[in-house]
Amino acid sequence: MIPLGLRLIISGGREAIIRLVVLVVAVAVGVGMLLTVVAATNAVSTWNNRHAWFVTGTVFVSPGPATAGVAPLWWHPTGDTFEGRDIYRFDVAATGTSSPVPPGITRDPGPGQYYASPALAALLRSTPADELAGRYPGHLAGVIGDAALPSPDSLVIIIGHTPAQLAHTPYSVPVTSIAAGAPFSDGDRPVNPNGLSYTPAVGGIQSSGIDLVLSVVALAMLAPVLIFIATATRLSAARREQRFAAMRLVGATRRQVSLLAATESTAAAVLGVAAGFGIFLLLRAPVAGIPFLGEPFFPAELSLSLPDILAVAIGVPVAAAVAARLALRRVHISPLGVTRRTTPKPPRAWRVLPLLAGLAELGFFVMQGTPSSPGGEVWALLPGFALIIVGLIIAGPWLTMATARVMARRTSRPGALIAARRLADDPRAAFRAVSGLVLALFITTVAVVTITTQDAKDLTRFASPAAAAVLTDQLVPSNSISVGPVQEPADAGAGPASPAAPLAARLRGIPGVQGVAVVRADPKLTIPGTFDNLGTYPGGSSPVSAGVVSCAQLATVPALGRCPAGATAAAFPSGGFGGPVDATTSAGITWPAVNVPASRLARLGVDAINVQTNGSGPAIEQARTVLESAYANPSGSAPSTIGDLIAQDNSKNNAYQQLANTVILVSLPIAGCTLATSIAAGLADRKRPFSLLRLTGARLATLRRVVALESAVPLLAVAAVAIGTGFAAAAEYASVAQDHAMVPPGAAYYLITAGGILVSLGIIAGTFPLLARITGPEVARNE
């Protein structure tokens, strides 16, 4: 029977060839998208794990196996910035030939050498030295290999020093191994063995969140793709039913008909899968270049594991054969029932139970809380979302039937009555056409509401235009109390003159620099939590550690505030903009005067240096280079503008936003393809009934109204349920995983939703020309 089935495929006339080609193309597109989604999910995980070695030297990193006999490597991670892009900087010093070597290089750099990522090496060559290269001592010894980099655009530098240099640098630690695995847990902060927290060069999504995020993203993107593939495998299902029913009537057994159907579907699926792998290979490079997480992937990281390949290569043809077998259940029961168009049994109300069970599962954890472990949270929340998605698909036919019955009772127009009767007779087929879009609307709602809630919870939005142009070198960590003067460089000056004076003069000489304010260290000075001109200080009611700033210098950096009239020095928070100072209001603050003579002020150490620029890139980068060259910043962070600080604070939110955008951009187009495929296939299956209606006097406009209502009614009815369910699920997720009340989305969400529905209605209307061509009188003849 298998050879006969293959022969029927290729010798069944023009209609059989067209049916085969359409099925192969549809399956190929679906498989190509499926493989791309799976590979992209793998790439996100790989991208995240590539940040693991960045947290080397922190106490929460597992020490790993014994490292006896390994010479320590002095390790000092810091952050840097160039034109808004993060640079991951690692200063290292090997104490012996057995010292561990960071990934991507063959040996540790010696003093006066550094290794840079290809993207950073290109920037160093193309950028003036006083804007970038002047920050890094030594010369380029080589480039860091791709295996150590999260992205082709990653900016990473490993700089060599002598052990004596780093041994006396604050926050440097000796390590005997390089960290591996996912980045630190969400909410943890890197801590050196001395117990002080600092800001390291850390990227990626924290390990406690990545499993849940990837699980939800994969589920959200795979579900529409699988629906599209299932829809494709059912193309011309009604025509096949009629053909196989005729075979049963002339003597074919159930087994023979099942084998013929499975052969036809499997052959098309195998060809589609093969073409789908080709589509994936063509899409891999363009998709890798899309900055889903703010930066592109390496094309090689969009890879498939052997289980992924086998699951698709075997699973899709098997699923096609099973679908073909299930599609023949009416043929097996009664071939005459197919010929006479026996009405299937209507769906029952129990179909809404899985949907309600999914919402109840999430609601349970709203009341009880989720397990504290990351894996436990994944397994607590993921089944609820999976149940909701499956529940929408299962409940859809019943909701379609209920809506059709209401429409039939409230209309008297012929087109609406025909559509309502057809919807009530076979609501499963009607809902199948719009199921992808309904699911996409649910996914879009959950994604947008979740991101809106996350942004409202902790998105940083502050900075006046003047404050945004201030470059701050915060030498004392923003969450620390100043414990004494920070040592100036040996060549910065000595004696009675201010050590920072030559540096300030160099900064003022940079084109675009408008002023310099140096915050001096005074360990005993604090600012009250409340006083008259501030009301309640942004940091709270407790006293805040402060430094001293010259009023003459403060006047040149107006974004920092002002001094009282007649004062020569004022107290200023030692944490600056990196602490509790709000840069939207700081310019209007009058800081309290302090009685510090100019002679004493010049002898104090430095908490921070603030540089007012005109906001131009060269001015900011030149000033940043001067500051980094002059000070070995012990706080672990580079000089930053307010814009840099905002970007750092929002980096994780931005990554989640990119993933949400990806889900929306993938699910909506796939849903549109599913809708178009379903409607076109439905018209092809019903061309003879529609032709008979035209022969009996039905106008083409009436048939168009029937087609429009058959698709639009279930779309709008079930979409309303899906959107409402999305809001409910997002509210429960916000309460459980985000610890925040749900925040309604903005106008963009409603525009996206309305646009998706309007495009879907346009797709439905786009099938009207096809309706005119396939319902001519010649189609009504008996075959």
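Coordinates for the structure precede this section.
Residues numbered from 1 in each chain as written. Predicted model: local features only at pLDDT ≥ 70, side-chain atom pairs only at ≥ 80, totals over all residues. Heavy atoms only, no water.

## Focus on the overall build of the protein chain
Test applied: In this text, helices come from DSSP runs of H or I with a minimum length of four residues, and strands from runs of E with a minimum of two, each type numbered from the N-terminal end. Summary of the burial criterion: residues with accessible area below 20% of their type's maximum are buried, those above 50% are exposed, and those between are partly exposed, where the area comes from a 1.4 Å probe applied to protein chains only. For accessible areas, the Shrake-Rupley method is used with a probe of radius 1.4 Å. Any residue's cover is judged against the shown protein chains and nothing else.
In terms of helices and strands, the protein chain carries 25 helices and 14 strands. Looking at the protein chain as a whole, 52% of its 783 residues qualify as buried. Within the structure as shown, the protein chain displays about 33,000 Å² of accessible surface, and the carbon and sulfur contribution to it stands at 63%.

## A few points about the sheet that holds strand S13 (residues 606-613)
Cut-off, in case you're wondering: In short, DSSP must find at least two bridges between two strands for them to pair.
The strand order across the open sheet built from six strands is S12-S11-S8-S13-S7-S14, with neighbouring strands paired in antiparallel fashion. On the outer flanks of this sheet lie strand S12 (569-573) and strand S14 (640-641), each paired with one strand and no other. As paired strands, strand S8 (residues 513-527) and strand S11 (residues 544-550) are joined by five bridges and run antiparallel to one another. For Thr526, the partnering residue across the bridge sits in S11 and is Ser545.

## What to know about the packing of aromatic side chains
Given two aromatic rings, their pairing is described by the distance between the two centres and the angle made by the two planes. Quick note on the threshold: In summary, the pairing rule links any two rings of Phe, Tyr or Trp, Trp by its six-membered ring, whose centres are within 6.5 Å, and it sorts them by plane angle into stacked for under 30 degrees, edge-to-face for over 60 and tilted for everything else.
Here the structure, examined in full by the defined rule, presents twelve aromatic pairs. An angle of 65 degrees between the planes, with centres 6.0 Å apart, marks the rings of Phe385 and Tyr733 as edge-to-face. You can see Phe385 sitting in helix H12 (residues 374-410) and its partner Tyr733 sitting in helix H23 (residues 700-737), a full 348 residues away along the chain. The same class applies to Phe385 as to Tyr733, namely buried. On the numbers, 5.0 Å between centres and 75 degrees between planes, the contact of Tyr749 with Tyr750 is edge-to-face.

## Focus on helix H7 (residues 254-288)
As a reminder, the rule being used: One less than the residue count of a helix, multiplied by 1.5 Å, gives the span that helix is expected to have. The angle between axes fitted to the seven residues ending at a residue and the seven residues starting there is what we call the bend at that residue.
Over its 35 residues, H7 extends 48 Å from the first C-alpha to the last, a length consistent with the 51 Å expected when each residue adds 1.5 Å. The largest bend along H7 measures about 30 degrees and falls at Leu282, with the proline Pro286 one to four residues further on.

## Quick notes on the pattern of salt bridges
We count it as follows: Any Lys or Arg side-chain nitrogen found within 4 Å of a carboxyl oxygen on Asp or Glu counts as a salt bridge.
In this structure the tally under the stated criterion is ten salt bridges. For Glu628, the salt bridge is made with Arg89, and the minimal N-O distance between the two is 3.6 Å. Here Arg89 lies in strand S2 (residues 85-94) and Glu628 lies in helix H19 (residues 617-630), a separation of 539 residues in the sequence. What makes Arg89 buried here is its relative accessible area of 12%. Here Glu628 ties to Arg135 by a salt bridge, and the two come within 3.8 Å at their closest N and O atoms. Note that Glu628 is positioned in helix H19 and Arg135 in the loop between helix H3 (118-126) and strand S4 (139-143), a separation of 493 residues in sequence. There is no split in this pair, since Glu628 and Arg135 are both buried. Each member of the salt-bridge network shares a partner with another, and the members are Asp80, Arg89, Asp91, Arg135, Glu621, Arg624 and Glu628.

## Details of the nonpolar core
To be explicit about the condition: Nine residue types can take part in a nonpolar core, namely buried Ala, Val, Leu, Ile, Met, Phe, Trp, Tyr and Cys, and a core is a set of them joined through side-chain atoms within 4.5 Å. Whether two residues are in contact is decided by their heavy atoms, any of which lying within 4.5 Å being enough.
Formed by 63 residues in total, the largest nonpolar core has its most connected members in Phe385, Ile388, Val434, Phe442, Leu683, Phe690 and Ala729. Counting residues per element, this core draws most heavily on helix H14 (residues 427-458), at 15 residues. If near-sequence neighbours (up to four positions away) are discounted, Ala729 is found in contact with Leu359, Leu362, Phe385, Ile388, Phe442 and Val446. If you look at the next biggest cluster of nonpolar residues, it comprises 32 residues, including Leu34, Val38, Trp47 and Val273.

## Focus on the pairing of S11
Of all seven residues in S11, seven are buried; the element is thus mostly enclosed. Residue alternation in S11 divides its side chains into two sets, Val544, Ala546, Val548 and Ser550 and Ser545, Gly547 and Val549, and both sets are buried. Summarising the sheet, S11 and S12 pair through five bridges and their orientation is antiparallel. Bridge pairing in S12 links Val549 to Ala570.

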